[in-house]
Amino acid sequence: MTIEVSSTVSCPHRAKKAPTTRKSSLHRLRAKGPNRAEDLSAFVLPRYLDREGFTSRPVNKDGLVGLLVTGTIAPGRADWCDPLSILTGHPVAEENRTSLALFLVRTENSVYGITYGMGHLMIDPVRIDPGFGIEFAVRCLKEDRITKVRRQVMDARGRTDENSATSGEHIRGFGIEQFGEIVSQISGQIENVPLTFTTGSKRPAHVTGNDRSIKIHLGNSPAALLHDLQEIEEVCARPNPLPEFEFIAQVRPLSPKSEQALNLDGRLDAMLGEGKTNRMALAVPSVCREHFEFAESFKVTLAGRAGQYAELDIDQLVAAVQRRPAGGRLRALREGRIQMFSSTDDSEANSGKVPVDHWFTAEVPDGVAHYFYWQGKWYEIGAEYLTVVEKRIADLLAQPASVTMPPWTVEMCETGEKCGDPKGHKRHNVHDEDWYNKEVAAQDRYVLLDKNNVHTERLRGGGLEIADALGPQGQFICVKKAASSTAPLNHLFAQGRTGIETVRFDLEAREDFLSKIDKLSPGHPLDRSFSSPTLVFGILLKDGAELTPDSLFAFAKISLLHTATALQGMGARLEVVSVSRTAETGMARVTTG
């Protein structure tokens, strides 16, 4: 028996619904005059307007007014074709092709650039508003749905951190220090912004805001795009960031080619010509931080001269460029190079040749805002932020001291006077940190710890110096002379913090340290639990100047606040004592009035 089965069942084909939005990169651009007056082509780098294969077309559709620039770059064979052909014995002839699209849109308030592919390369970088991305994000992000944060520590460490949380977490969970950290990118879920993407749907919208743009879903139709731009402008018009994000908006980078940055370049160049260094300092570039402590000498190539130096000095760098013509001083710092060596000559390099201006920081006040030159870039610091920093530093310096710091007298030589040429005399009493630490330890019930390192299996090599001296009640005293650079202070703060962390959390190191104390000072009244230790920073500024919020350079303040926060989290008390050239300070000063 044969059974025939015939089936003519048909299923109607459903056309895939076209998406109503697309995730795009949106830049806000700066006009040089009234928003409506400037030709949109002025926002595009000229080489792309004239380039073969690129087209520029005006747009005026359903109320959407703008300029569309598209093109493809095909430079020919990829540079890896020849080596790959030789390696494999097979001919390889592939071509790189890079597509670019830039859609410039003019609204009543601003000009925006929407980029596709590598389209951002076509925007004149001078025209990009560097504050837009962060400005938008901190006004609409959900504080407990943050997925990524990238930030830089604004001190001599120059560290960049990036942390992600796939499902999102509270902004506090990212451990951002609210003083001196620049958030350059933040991503997360947004709320209370009725975008096309969320219309008629319960799905949340997400945004990534950085120092150049935002990445967000935008409408694909003229009406939808204009609606979304209007909603974005409404968010940016809100007077303040959300409370959890206020600290982020207080520090923002400036575009290097912006009018503000160029104006600041000119002001800094003039400051260099005046030779005044009270608002300038040295800071270790991030690429040199790891090996800086092992540097024995520095080769400086600057303003047509090269020399090997045991230490760097801000006055030395400024003097090298001070007499150059106006406009050429800062340029000379940018063109100059500094290289570190672990030897006293140039036989053992432990860094590359780093631009001199990356070792250089400066502060330029301008009305209610302040600007800082750091790691070769300008940053704007809001007035409210500075006020809080100054108050916290003032409170920290006002804490009563529990130790006495003797005077750190000037160096004397055979002439009986302060020596200006220590190498030119046979007998020279050098009052360096080694000398001063012994002066501190010479006091009753104080103990010298300088160079008496703790050794454990974890602390390989030379071990760890917990502190320079121990006070009469077990205070950890760390001392530093900081004449003209923030680097020694950052080293001091790191030493103190690391010492406290070690005796608190490393059992082997703690036992070794206590064993040393028992030998050096039997019966010393040291709290052996280290549950609430006291750390003292004794600091000698240039010419013995008193420590005040004004005498400390800005980045040293930031590092000090970071250290204070970390110590507070460990239950430790921090005291900061200004060391004098002529008199006892600290507890002695308090008790004598």
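Up top is the structure.
Heads up: these notes are all about the structure in this document. The structure displayed is predicted, hence computed values, not measured ones. Positions within a chain are numbered from 1, following the residues in the order the chain's sequence is written. In keeping with the predicted nature of the model, local features appear solely for residues at pLDDT of at least 70, side-chain atom pairs appear and are counted solely at 80 or more, and the whole-chain, interface and lining totals rest on all residues. Working from all heavy atoms in the structure, the side-chain values ignore hydrogens and water.

Note on placement: Gly 53 falls in the loop between helix H1 (46-49) and strand S2 (55-61). The rule is simple: take the accessible area with a 1.4 Å probe, protein chains only, and divide by the maximum for that residue type; under 20% is buried, over 50% is exposed, in between is partly exposed. Residue class for Gly 53 comes out exposed when judged on its relative accessible area of 56%. Between two residues, a contact is recorded if the distance between any of their heavy atoms is within 4.5 Å. The residues contacting Gly 53, other than those within four sequence positions of it, are Thr 70, Gly 71 and Thr 72. Every helix listed is a DSSP run of H or I at least four residues long, and every strand listed is a run of E at least two residues long, numbered separately from the N terminus.

This part takes up the nonpolar core. Nine residue types can take part in a nonpolar core, namely buried Ala, Val, Leu, Ile, Met, Phe, Trp, Tyr and Cys, and a core is a set of them joined through side-chain atoms within 4.5 Å. Phe 476, Phe 513, Phe 537, Ile 539, Leu 560 and Leu 574 are the most contacted members of the largest nonpolar core, which totals 53 residues. Looking at this core element by element, the count peaks at eight residues for helix H13 (residues 554-569). Excluding anything up to four places from it in sequence, Phe 537 contacts Cys 478, Leu 492, Phe 493, Gly 496, Leu 560, Thr 563, Leu 574, Glu 575, Val 576 and Val 577. In terms of nonpolar packing, the next biggest core, distinct from the first, is built from 38 residues, Val 105, Leu 141, Ile 171 and Ile 248 among them.

This paragraph deals with the pairing of strand S3 (residues 64-77). Here S2 pairs with S3 via seven bridges, running antiparallel. What sits directly across from Thr 55, in S3, is Thr 70. At least two DSSP bridges between two strands are needed for those strands to be called paired. Hairpin remark: S2 followed by S3, antiparallel, with two residues in the connecting loop; positive phi at Asp 62, about 50°.

The next point concerns the pattern of salt bridges. Here, a salt bridge means any side-chain nitrogen of Lys or Arg that lies within 4 Å of a carboxyl oxygen of Asp or Glu. Scanning the entire structure with this criterion turns up 22 salt bridges. Between Lys 557 and Glu 390 there is a salt bridge whose closest N-O contact spans 2.5 Å. You can see Lys 557 sitting in helix H13 and its partner Glu 390 sitting in helix H9 (residues 383-397), a full 167 residues away along the chain. Note that Lys 391 is salt-bridged to Asp 395, the shortest N-O span being 3.0 Å. Separated by four residues within a single helix, Lys 391 and Asp 395 lie in helix H9, roughly one turn from each other. What emerges from the salt-bridge pattern is a single network uniting Arg 28, Arg 30, Asp 129 and Glu 135.

Glancing now at the packing of aromatic side chains. Centres within 6.5 Å are what make two rings of Phe, Tyr or Trp a pair, Trp counting through its six-membered ring; a difference in plane orientation under 30 degrees is then read as stacked, over 60 as edge-to-face, and the rest as tilted. Applying the stated rule across the entire model yields 14 aromatic pairs. Ring centres of Phe 493 and Phe 537 lie 5.2 Å apart, and the angle between their planes is 55°; on these two criteria the pair is classed as tilted. Of the two residues, Phe 493 sits in helix H11 (residues 487-505) while Phe 537 sits in strand S26 (residues 534-541), which places them 44 residues apart along the sequence. Comparing Phe 493 with Phe 537 shows no difference in burial state: the two are buried.

Spatial ordering of the open sheet is given by S14-S13-S15-S16, a layout of four strands whose pairing is antiparallel. Each edge of the open sheet is held by one strand with a lone partner, namely strand S14 (305-309) and strand S16 (354-355). Taken together, the five bridges between strand S13 (residues 297-302) and strand S15 (residues 337-341) define a ladder with antiparallel strand orientation. Residue pairing across strands places Thr 301 opposite Arg 337, the latter belonging to S15. Axes here refer to lines fitted to C-alpha atoms; in helices the fit is confined to the stretch in contact. Angles between the N-to-C directions go from 0 to 180 degrees. Sheet strands touched by helix H7 (residues 314-322): S13, S14 and S15. Its angle to S13, the strand with the most contacts, is close to 15°.

Time to look at the sheet that holds strand S11 (residues 251-253). What the five strands build is an open sheet, ordered S11-S19-S18-S17-S12; its pairing is antiparallel. The open sheet has two free edges, formed respectively by S11 and strand S12 (280-282), since each of these has just one partner strand. For this sheet, the mean angle separating the axes of adjacent strands, direction not counted, is 25°. Examined bridge by bridge, S11 and strand S19 (residues 377-381) share three bridges and lie antiparallel to one another.

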